[in-house]
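Coordinate inspection notes
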Amino acid sequence: MTAGRPAPIDSIDIPVQGMSCASCVGRVEKAIRSVEGVTAANVNLATERAHVEFAPSGVDPSAVAEAIRRVGYEPSESTIDLKIDGMTCASCVSRVEKALKRVPGVIGASVNLATERASVRYLGTGNIVARLADAVEQTGYEAKPIQQEDGQADRERAAREAEIASLRQAVLVATILTLPVFVLEMGSHFIPAVHDWVMGTFGHRNSWYTQFALTTLVLFGPGLPFFRKGIPALLRGSPDMNSLVVLGTSAAYAYSVVATFLPGLLPEAMDNVYYEAAAVIVALILIGRFLEAKAKGRTSEAIKRLMGLQAKTARVVRDGETLEVPLDQVLAGDLVQVRPGEKIPVDGMVVEGSSYVDESMITGEPVPVEKSDGTEVVGGTINRTGSFTFRATRIGADTVLAQIIRMVEQAQGSKLPIQALVDRVTAWFVPAVMAAAALTFLVWLFFGPEPALTFALVNAVAVLIIACPCAMGLATPTSIMVGTGRAAELGVLFRQGEALQSLKEVGVVALDKTGTLTQGRPELTDFVTAPGFSEAEALGLVASIESRSEHPIAQAIVAAAERRGLALSSPDAFEAVPGFGVSALVRGRKVDVGADRFMARLGLPVSGFADIAARLGTEGKSPLYAAIDGRLAAVVAVADPVKPSTPEAIAALHALGLKVAMITGDNRRTAEAIAKRIGIDEVVAEVLPDSKVEVVKRLRQAHGPIAFVGDGINDAPALAEADIGIAIGTGTDIAIESADVVLMSGDVRGVVNAIALSKATIRNIRQNLFWAFAYNVLLIPVAAGVLYPVDGTLLSPIFAAGAMALSSVFVLGNALRLRGFEAPIAPAQSASHIQTVEGVA
């Protein structure tokens, strides 16, 4: 007796983080083995990897990952993007996704018809790319990894242009060959003069022979790609859009060939030909795909513009010599020289020289920013005036611009929850259409009027041709592409595509105060002198004494004096009185600065400033007082001023029907004074950084889904907890990483634009989906002939082909309308900042 063949085994190697000892290894192994379908698990502490074996399709990788997490360790997930060639409709998307998800180790796969890309999340290492490519190839498509090196955009653009050129040529050839067929057949039916001319010159049979020759050239010339893709898909039992075209055109063509060369096989009076239907169907669908390819190219123009902002070369200093090198040869630490009018090639820190730089492509602010020794510069921005040298700190994929492009690409490639319905429908759509066509044929054949076979054939072909899964497949991703691209032009980056849908559902917007609603740094807001004192002299003396302090309030007073060009002196006999204020001699004069209790201690009543102090209190400011030579000289107020754009943003949020809350660590009096001034609905004051998450949860319970807007490290947990986290792009990296949406400038009006764009994009998607579904639901029955008993209406396969081609073009055209989206309130010309920078460049 011979041993039976061992069952086939699949395996993956999963990196596991957090293990520190043999007991960790034991716990992880035990957890993995507990997952149903796992046959063996071996964990290596040295390599920090788990080798998992299981029967093919016998285990869900996400279940293995969850088992590892349950025992306190973290399995390492990876993501790879693939370029998928050959997809034409939503059914293709569904098949590619299923094939990718069947690959061992794959946790999730999202395929986008508009971008022709797949994003795959997987566990483990090894030959995953080859496995994924092989799985896609077996499904009838081609997959290759997307390499993010320089020149990728140029290659993709070249490939898209080559596709459009190929389709243009196919359309031209098909049209030239189809027109004579159409004139010979349809002209003979509807125009007596054409009929007489055809009969008198060609003759009836020769006309058919000519149509046969030309139609054969159309089907197996420009139309050959339909057969190359559609027939293998049929043989695999997974028909797609190409399969529908092949079945419809082949049925019309085969029937016509029999009528032409073997008419005896058909009943009398049924030897009609439908060459024109087969030829015109191919020509019209090719025209539709040509228009679709051109429109697809326009949906990604925002990415193209962003990529166009990147410099091609850089002028670097190496070994005392200045060299112009390609951008990919710039190294971190290189000294880079920039001249007036040039693009800054990479991110860095200025070490010599000064200039003004146009950073509108990053911040949306049109006013050039001064750059000098020690300030940061961003790659892709434009140097306006002077020359300077900077040290490269971030290059390649690490630059701000590269990260922006990557964020936009990720958002464009993601799927929204609304897409789930489309995926469920398209999974059975093409098979259902084929079944409907078969049923149509049988009903007309057995119950239709004579010639029954002709009616059956024509109507079945019309059903096959008019069905359009393309429109359903393109409805959501094209709107996402255009919407997120337009958002990038407005300085709004959706890090997650899902945020596009979720943002429109929020009922309350909660904003952190410092750095979000306010400038984030204290400034001198009030300086009122008593009679007999000069403002310039008093401010100069107060700033001189405060120059000895590192306190933010002192620094704000010093900065205000320096902006006015006042000369400061070094104070003598400086004395700090804890809890009261400071005293010193400045240029021989005694200066005291502190709170009202300090003035009372010095025997100086502040009643003369009572009205001003009351006003400052209502504005949430705490007044300080200055005495010079024993006389009360001035009242001073320093505050974190509200950004000029904030009141307009709050009003616009109210106009959208949203509640607005402010979360701050400030005392309640100050917070409520600011809230009253700018129109905040709800104030949550005196909040500790670690309490913001609880505040977000409380606001969600009271008002529904919440968007939280913040910019600091202490905002990161709240950004992650909120339904939608919106980070101010001028804030910290941690805050940005925790957010779903990033505003590239510090302008809160971007929140309004993000919400408005979310509403516009989802509205556009719903319009597309309505059209795509309504088109198929209404016209497939018409093509089947349901109106014939009512008023004799039948849909010609030719009109069916035209309607099908137009449906996809309509969906794409509707999505492209989002390119014209106008921001409700435009932050300082940010709506055109990409175009402006390109014009300068």
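Residues numbered from 1 in each chain as written. Predicted model: local features only at pLDDT ≥ 70, side-chain atom pairs only at ≥ 80, totals over all residues. Heavy atoms only, no water.

With an unreviewed UniProt entry as reference, the protein chain is termed P-type Cu(+) transporter, source organism Microvirga lotononidis. Reading the Catalytic activity (unreviewed entry) entry of the UniProt record for the protein chain gives the comment "Cu(+)(in) + ATP + H2O = Cu(+)(out) + ADP + phosphate + H(+)". Per UniProt, the comment on the protein chain under Sequence similarities (unreviewed entry) is "Belongs to the cation transport ATPase (P-type) (TC 3.A.3) family. Type IB subfamily." (UniProt positions renumbered as here; feature names shortened; annotations may be inferred.)

A separate point is the overall build of the protein chain. Within the protein chain, the secondary structure is distributed over 31 helices and 30 strands. Relative to its full complement of 841 residues, the protein chain shows a buried share of 53%. A separation threshold of at least 6 residues defines the contact pool for the protein chain, and within that pool the share at least 24 residues apart is 69%. Counting every atom, the protein chain has about 36,200 Å² of accessible surface; 57% of that belongs to carbon and sulfur. (Helix = DSSP H or I, 4+ residues; strand = E, 2+ residues; numbered from the N terminus. Buried < 20%, exposed > 50% of the residue type's maximum accessible area, 1.4 Å probe, protein only. Contact = heavy atoms within 4.5 Å. Areas by Shrake-Rupley, 256 points an atom, 1.4 Å probe, with all protein chains shown as cover.)

Before going further, it helps to examine the sheet that holds strand β7 (residues 117-123). The strand order β6-β7-β5-β8 describes an open sheet built from four strands, whose pairing is antiparallel. A single partner strand is all that each edge strand has here, and the edge strands are β6 (106-112) and β8 (142-145). When the angles between neighbouring strand axes are averaged without regard to direction, this sheet yields 25°. Across seven bridges, the pairing between strand β5 (residues 77-85) and β7 is antiparallel. Paired with Asp 81 across the strands is Ser 119, a residue of β7. The sheet strands contacting helix α2 (residues 61-70) are β5, β6 and β7, and the helix crosses β6 at an angle near 130°. (Pairing = 2+ DSSP bridges. Axes fitted to C-alpha atoms, helices over the stretch in contact; angles between N-to-C directions.)

A full pass over the atoms with the stated rule returns 19 salt bridges. For Arg 615, the salt bridge identified is with Asp 526, shortest N-O distance 3.2 Å. With a gap of 89 residues between them, Arg 615 in helix α22 (residues 610-618) and Asp 526 in strand β20 (residues 523-529) connect regions that are remote in the sequence. We note a salt bridge from Asp 629 to Arg 589, for which the minimum N-O separation is 3.0 Å. Of the two residues, Asp 629 sits in the loop between β24 (623-628) and β25 (631-639) while Arg 589 sits in strand β23 (residues 589-594), which places them 40 residues apart along the sequence. Residue class for Asp 629 comes out partly exposed when judged on its relative accessible area of 41%. Connected through salt bridges with shared partners, the residues Lys 83, Asp 85, Glu 116 and Lys 144 form a single ionic network. (Salt bridge = Lys/Arg side-chain N within 4 Å of Asp/Glu carboxyl O.)

Right, let's talk about the UniProt feature "transmembrane region" (unreviewed entry) in the protein chain for a bit. Taking the UniProt record as the reference, the feature "transmembrane region" (unreviewed entry) is found at residues 170-191, 211-231, 243-266, 272-291, 425-447, 453-476, 769-788 and 794-816. Along residues 272-291 the backbone is 85% helical and 0% strand, and the end-to-end C-alpha distance reaches 33 Å. Along residues 769-788, the helical share is 85% and the strand share 0%, with 28 Å between the first and last C-alpha atoms.

The sheet contact formed by strand β9 (residues 313-318) and strand β10 (residues 321-326) spans six bridges and is antiparallel. Along β10, the bridge assignment pairs Val 317 with Thr 322. Between β9 and β10, which pair antiparallel in sequence order, lie two residues; one of them, Asp 319, sits at a positive phi of approximately 55°. Bridge count between β9 and strand β11 (residues 335-338): three bridges; the pairing is antiparallel. Looking at β11, one finds that Val 317 is bridged to Leu 335.

Think of an α-helix as turning once every 3.6 residues; residues three or four places apart then point the same way. The end-to-end C-alpha distance of helix α25 (residues 692-703) is 16 Å, a good match for the 16 Å that twelve residues give at a rise of 1.5 Å each. Where α25 is concerned, the buried positions are Lys 692, Val 693, Val 695, Val 696 and Leu 699. Projected down its long axis, α25 carries its buried residues within an arc of 160°, all on one side. Among the exposed residues of α25, those oriented more than 90 degrees off its buried face are Gln 701 and Ala 702. (Expected span 1.5 Å × (residues − 1). Arc of directions from axis to C-beta.)

Turning to the nonpolar core, a few remarks are in order. Core analysis: the largest hydrophobic core is formed by 137 residues, its most contacted members being Leu 100 and Phe 494. Not counting residues up to four positions away in its chain, the partners in contact with Leu 100 are Leu 82, Val 106, Ala 109, Val 111, Ala 118, Val 120, Leu 132 and Val 136. Grouped together as the second largest cluster of nonpolar side chains are 38 residues, Ala 561, Ala 613, Leu 616 and Ala 627 included. (Core = buried A, V, L, I, M, F, W, Y, C linked by side-chain atoms within 4.5 Å.)

Attention now moves to a nonpolar patch on the surface. On the surface, Leu 439, Leu 442, Val 443, Phe 446 and Phe 447 cluster together to form a nonpolar patch covering roughly 580 Å² of accessible area. Take Phe 446: its relative accessible area is 61%, and that puts it in the exposed class. (Patch = residues over 30% accessible without salt bridge, like charges linked within 9 Å, V, L, I, M, F, W, Y side chains within 5 Å.)

Right, let's talk about the sheet that holds β25 for a bit. In space, the six strands of this open sheet follow the order β20-β25-β24-β23-β22-β21, with antiparallel pairing throughout. In this open sheet, the two strands that pair with only one neighbour each are β20 and β21 (572-577). Shown here is a sheet whose adjacent strand axes are inclined to one another by a mean of 20°, direction ignored. Bridging between β23 and β24 involves four bridges; their strand directions are antiparallel. The residue bridging Val 591 from the neighbouring strand is Ile 628, located in β24.

Tracing the sequence through the fold places Arg 749 in helix α28 (residues 749-784). For Arg 749, the side chain forms a polar contact with the side chain of Glu 648, separated by 3.0 Å. (Polar contact = N/O pair within 3.5 Å; in protein donor to acceptor, adjacent residues only side chain to side chain.)

All right, on to the confidence of the model for the protein chain then. On average, residues of the protein chain carry a pLDDT of 79, and 83% of them reach 70 or more. Mean pLDDT values over the elements of the protein chain span from 31, in helix α31 (residues 833-840), up to 92, in β11. The model gives residues 1-8 a pLDDT under 50, and that stretch makes two contacts with residues more than four places away or in other chains. In the model, residues 827-841 has pLDDT below 50 throughout and makes 42 contacts with residues more than four positions away in sequence or in other chains. (pLDDT = per-residue confidence, 0-100.)

Side chains Ala 50, Val 52 and Phe 54 project from strand β3 (residues 49-54) onto a buried face, and the interleaved Arg 49, His 51 and Glu 53 project onto a face without burial. Pairing geometry for strand β1 (residues 10-17) and β3, over six bridges, is antiparallel. Following the sheet pairing, Ile 12 is matched in β3 by Val 52.

Attention now goes to helix α24 (residues 668-678). Here α24 has its buried residues at Thr 670, Ala 671, Ala 673, Ile 674, Ala 675 and Ile 678. Buried residues along α24 sit in contact with α18 (513-517), α22, α23 (646-655), β26 (659-663) and β27 (682-684).

In this section: the packing of aromatic side chains. One pass over the structure, following the stated rule, counts 15 aromatic pairs. Ring geometry for Tyr 209 versus Phe 261: centroids 5.7 Å apart, planes at 20°, classification stacked. Taken together, the positions of Tyr 209 in helix α7 (residues 204-219) and Phe 261 in helix α9 (residues 241-261) put the pair 52 residues apart, joining distant regions of the chain. On the accessibility criterion, Tyr 209 (37% relative accessible area) is partly exposed. The class of Phe 261 is partly exposed, set by a relative accessible area of 41%. Across the ring face of Phe 580, the terminal group of Arg 597 is positioned such that the distance to the ring centre comes to 6.0 Å. Note that Arg 601 overlies the ring of Phe 580, its terminal NZ or CZ placed 4.7 Å from the centroid. (Phe/Tyr/Trp six-rings, centres within 6.5 Å; stacked < 30°, edge-to-face > 60°. Lys NZ or Arg CZ within 6 Å of the ring centre and 35° of its normal.)

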